[in-house]
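Close look at the chain arrangement
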Amino acid sequence: MSSGSGAASAPAPSTHDPSARPARSTSMFSSLKIRNYRLFFVGQVVSNTGTWMQRIAQDWLVLSLTGSSAAVGITTALQFLPMLLFGLYGGVLVDRLPKRPALLVTQTAMALTGLALAALTLTGQVQVWHVYVAAFAVGLATVVDNPARQSFVSEMVGPGQLQNAVSLNSANFQSARLVGPAVAGLLITGVGTGWAFLFNGLSFVAPVAGLLLMRSRELHAVQRAPRGKGQLREGLRYVAGRPDLIWPIVLVGFIGTFGFNFPVWLTAFADDVYHAGAGGYSLFNTLMAVGSLVGALLAARRGTARLRVLVAGAAAFGTLEVVAALAPSYWLFAVLMVPIGICGLTVNVTANTAVQMATDPAMRGRVMALFMMVFVGGTPLGAPVVGWITDAYGPRIGFVLGGVVSAASAVTIGLLLARAGGLRLAVAWRRGHPHVRFVPRERREDLAPAA
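Remember, it's a predicted structure, so these values are computed and weren't measured experimentally.

1. Overview of the overall build of the protein chain
A count of helices and strands for the protein chain gives 16 helices and 2 strands. For the protein chain, buried positions account for 48% of its 451 residues. Put simply, 83% of the contacts in the protein chain that link residues at least 6 apart link residues at least 24 apart. With an accessible surface of roughly 20600 Å², the protein chain has 66% of that area assigned to carbon and sulfur atoms.

2. Looking at the environment of Gly91
Assignment of secondary structure puts Gly91 in helix H2 (residues 69-96). The exposure class assigned to Gly91 is buried, which follows from its relative accessible area of 0%. Sequence separation between Gly91 and Met373 is 282 residues, and the spatial gap between their C-alpha atoms is 10.0 Å. When residues no more than four places from it in sequence are discounted, the contact partners of Gly91 are Pro147, Gly365, Arg366 and Ala369.

3. With respect to the environment of Leu251
Topologically, Leu251 is positioned in helix H9 (residues 243-259). With 124 residues separating them in the primary sequence, Leu251 and Phe375 have C-alpha atoms 9.2 Å apart. Once residues within four sequence positions are removed from consideration, Leu251 is found in contact with Leu310, Ala314, Ser409, Ala410 and Ile413.

4. Some remarks on the packing of helix H10 (residues 262-273) against helix H15 (residues 395-420)
Across the interface, H10 lies against H15 with an axial gap of 9 Å and an inter-helix angle of 150 degrees. Taken together, H10 and H15 sit at an angle that is classed as roughly antiparallel. In the packing of H10 onto H15, the handedness of the crossing is left-handed. For the pair H10 and H15, the contacting residues are Phe262, Trp265, Ala268, Phe269, Asp272 and Val273 in the first and Pro395, Arg396, Gly398, Phe399 and Gly402 in the second.

5. Quick word on the nonpolar core
Membership of the largest hydrophobic core comes to 48 residues, with the highest contact counts inside it found for Phe262, Phe284, Phe333, Met337, Ile340, Phe371 and Phe399. At 10 residues, helix H13 (residues 330-358) tops the list of elements feeding residues into this core. What Phe284 contacts, discounting residues up to four positions off in sequence, is Leu266, Phe269, Ala270, Tyr274, Tyr330, Phe333, Ala334 and Met337. With 26 residues, the next largest nonpolar core counts Phe40, Phe152, Ala165 and Ala300 among its residues.

6. Structural notes on the pattern of salt bridges
Summed over the entire model, instances satisfying the criterion amount to 5 salt bridges. Linking Lys99 and Glu155 is a salt bridge whose minimum nitrogen-to-oxygen distance equals 3.5 Å. Of this pair, Lys99 sits in helix H3 (residues 99-122) while Glu155 sits in helix H4 (residues 128-157), placing them 56 residues apart in sequence. Just as Lys99 is buried, Glu155 falls in that class too. For Arg242, the salt bridge goes to Asp244, with nearest N and O atoms at 2.8 Å.

7. Details of the packing of aromatic side chains
One pass over the full model with this rule turns up 20 aromatic pairs. Here Phe262 and Phe317 contribute two aromatic rings whose centre-to-centre distance is 6.3 Å and whose plane-to-plane angle is 85 degrees, an arrangement assigned as edge-to-face. Of the two residues, Phe262 is situated in helix H10 and Phe317 in helix H12 (residues 307-325); the sequence distance between them amounts to 55 residues. The two residues Phe262 and Phe317 agree in class, both being buried. Positioned above the aromatic ring of Trp52 is the side chain of Arg55, whose terminal nitrogen or guanidinium carbon lies 4.6 Å from the ring centre.

8. So, a nonpolar patch on the surface
A cluster of nonpolar side chains, namely Leu81, Leu84, Leu85, Phe86, Tyr89, Leu140 and Leu381, defines an oily patch on the protein surface of about 630 Å² accessible area. Residue contributions to the nonpolar patch peak at 5 residues, all from H2. Mapped onto the secondary structure, Tyr89 falls in helix H2. Residue classification places Tyr89 among the exposed positions, given a relative accessible area of 52%.

9. Digging into the confidence of the model for the protein chain
The predicted model of the protein chain has a mean per-residue pLDDT of 80, with 82% of residues at 70 or higher. Mean pLDDT values over the elements of the protein chain span from 43, in helix H16 (residues 444-447), up to 95, in helix H7 (residues 205-213). Predicted confidence is poor over residues 1-25, with pLDDT under 50, and the contacts of this stretch with residues over four places away or in other chains come to 53 contacts. This stretch, residues 443-451, has a pLDDT under 50; its non-local contacts, to residues over four places away or in other chains, come to 1 contact.

10. Brief notes about the side chain of Ser406
The topology assignment puts Ser406 in helix H15. Overall, the relative accessible area of 0% leaves Ser406 in the buried class. Apart from the residues within four sequence positions on either side, Ser406 is in contact with Ile255, Gly259, Ala314, Phe317, Gly318 and Glu321.

11. A closer look at unusual backbone geometry
Look at His275: it is not a glycine, yet its phi comes out positive at around 50 degrees. Within the secondary structure, His275 sits in the loop between H10 and helix H11 (277-301). By relative accessible area, His275 is classed as exposed at 62%.

12. Some remarks on the packing of H9 against H13
Packing of H9 against H13 brings their axes to within 10 Å, and their N-to-C directions diverge by 155 degrees. Put simply, H9 runs roughly antiparallel to H13. Here the hand of the crossing between H9 and H13 comes out left-handed. In this structure, H9 contributes Asp244, Leu245, Pro248, Ile249, Val252 and Ile255 to the contact, and H13 contributes Val347, Ala351, Val355 and Ala358.

Reading the values: the criteria
- Residues numbered from 1 in each chain as written.
- Predicted model: local features only at pLDDT ≥ 70, side-chain atom pairs only at ≥ 80, totals over all residues.
- Heavy atoms only, no water.
- Helix = DSSP H or I, 4+ residues; strand = E, 2+ residues; numbered from the N terminus.
- Buried < 20%, exposed > 50% of the residue type's maximum accessible area, 1.4 Å probe, protein only.
- Contact = heavy atoms within 4.5 Å.
- Areas by Shrake-Rupley, 256 points an atom, 1.4 Å probe, with all protein chains shown as cover.
- Axes fitted to C-alpha atoms, helices over the stretch in contact; angles between N-to-C directions.
- Parallel < 35°, antiparallel > 145°, perpendicular 65-115°, else oblique.
- Left-handed = near helix turned anticlockwise from the far one by under 90°.
- Core = buried A, V, L, I, M, F, W, Y, C linked by side-chain atoms within 4.5 Å.
- Salt bridge = Lys/Arg side-chain N within 4 Å of Asp/Glu carboxyl O.
- Phe/Tyr/Trp six-rings, centres within 6.5 Å; stacked < 30°, edge-to-face > 60°.
- Lys NZ or Arg CZ within 6 Å of the ring centre and 35° of its normal.
- Patch = residues over 30% accessible without salt bridge, like charges linked within 9 Å, V, L, I, M, F, W, Y side chains within 5 Å.
- pLDDT = per-residue confidence, 0-100.

Take a look at the structure:
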C-alpha cells in the first residue's frame with residue numbers, strides 16, 4: 001500500500017461514487033459504503049470504547065490514590081488544558097500536514113500513554129503524578145488529533161456524505177459512552193483499574209490498522225496550506241469575516257460553556273433534589289446517552305446541515321433544560337434527559353457539519369480547531385461558575401440559568417444570521433398552529449409603486 005494522505009492527485013468522484021450522490025437521498029448508513037470510511041469507523045468503535053473505559057478508570061484511580069475529588073478535577077483540567085492553550089496552533093499544524101500520517105502519530109502516542117499507565121498500575125508502582133502526566137500527554141495529542149480527525153472525514157467521504165459521516169461518528173461515540181463505562185466498571189471491580197488501561201492501550205491497534213489499510217487513491221484531494229508566518233491570524237480573520245462560520249461557533253461556545261455542565265447538575269439533582277444516589281445519577285447519564293445516540297442517528301438521515309436546524313435545536317435544548325429544572329418528579333426529570341440528549345447532539349452535529357462544509361479545505365484544520373476549542377474548552381471554564389451558582393442557590397436555579405443562556409443565545413444568533421442572510425422572521429397561523437420561519441426580506445425597490 002502506498003503511503004500518503006491523499007493530498008496529492010486523487011480522482012474526481014464519479015457518478016457511481018457513494019460520496020458524490022446527492023445528500024438529500026442519503027440513507028442512515030450510506031457513508032459506510034465507502035471503504036476508507038468503513039475502516040475508520042470500525043477502528044473508532046473499538047478505540048472510543050477503550051477511551052471511555054480509561055476515563056472511568058482514571059478518575060477512580062485518582063480518587064483511590066488521594067481520596068480527593070479536587071484531585072479528580074485537576075486530572076480533568078490537565079486533560080483539557082492543552083486544547084485551551086494550544087488548540088489553534090494544532091489547527092495550523094493540521095492544515096500543513098497530511099492528515100493520515102498525523103493521525104497515525106497521535107493515535108500511537110495515546111496508545112503508548114494507556115500502556116504506560118497499565119504497566120505502572122499492574123506493577124503497583126503508580127502514583128498520582130503519573131496519572132497527571134498521562135492526562136496532560138493525552139491532552140497534548142488531542143490538540144492535533146481532534147482537528148485532524150474532524151477534517152479527515154471530508155477527505156474520506158467527500159462533501160456529499162459529510163453530514164452522514166459526522167453523524168455516524170457521533171453515534172459511534174455515544175454508543176461507546178454506553179458500553180465503555182459498563183465494561184470498565186466490571187473490570188475495575190473484578191480485576192482492577194490496570195486492566196482497563198491495558199484494554200485502552202491495545203484498543204488503538206484497531207484505528208491504526210484501519211489507517212494503514214486505507215487506499216490513498218480513494219481519498220479526496222485537499223490542498224494543504226504551505227508553511228508561512230501569520231497563519232494563525234489568517235485563520236482567525238477568515239472566521240471573523242464569515243457570519244456563516246463565526247455565529248455558529250459563538251453559539252456552540254455559549255452552549256458548551258453554560259448548557260453542557262451536566263456532571264454538576266445531574267449529581268446535584270440525584271443527591272440533593274430527588275435523593276436517588278449513585279443509581280439515579282447513572283440512570284440520568286444513561287438516558288441522556290440514549291437520547292444522544294438517537295439524535296446522532298436522526299442526524300445521519302438528514303441530507304443537509306441547515307443553520308435553521310442548528311438554531312431550532314439550540315433553542316429547544318435550552319427550553320428543555322428549563323422544563324427539566326422545574327420538573328416536580330424524579331421520573332419526569334429522568335425521561336426529559338432523552339430529548340435533551342437528542343437536541344444537544346443535534347446542535348453538535350449540525351454545527352460541526354455546517355462549519356466544515358462552509359470552510360475552504362485549506363483552512364479547515366484551523367477552523368475546526370477553533371470549533372473544538374470553543375466547544376470542548378468552554379465547559380471547564382463555565383463549570384466553576386455554574387457549580388458556584390448551583391451550590392449557592394440550588395440545583396434548579398443553576399439548571400434554569402444554563403437553559404436560559406442556551407435558549408437566549410440561540411434566539412439572538414438566529415436573528416443575527418437571518419439579518420446577515422437578508423432574511424426576516426415570518427409568523428403565520430396554519431391548521432390551528434403557529435408556523436414560524438425565515439423568509440427573504442423585501443427590497444425597497446420592490447415596495448416602491450410602479451411608475
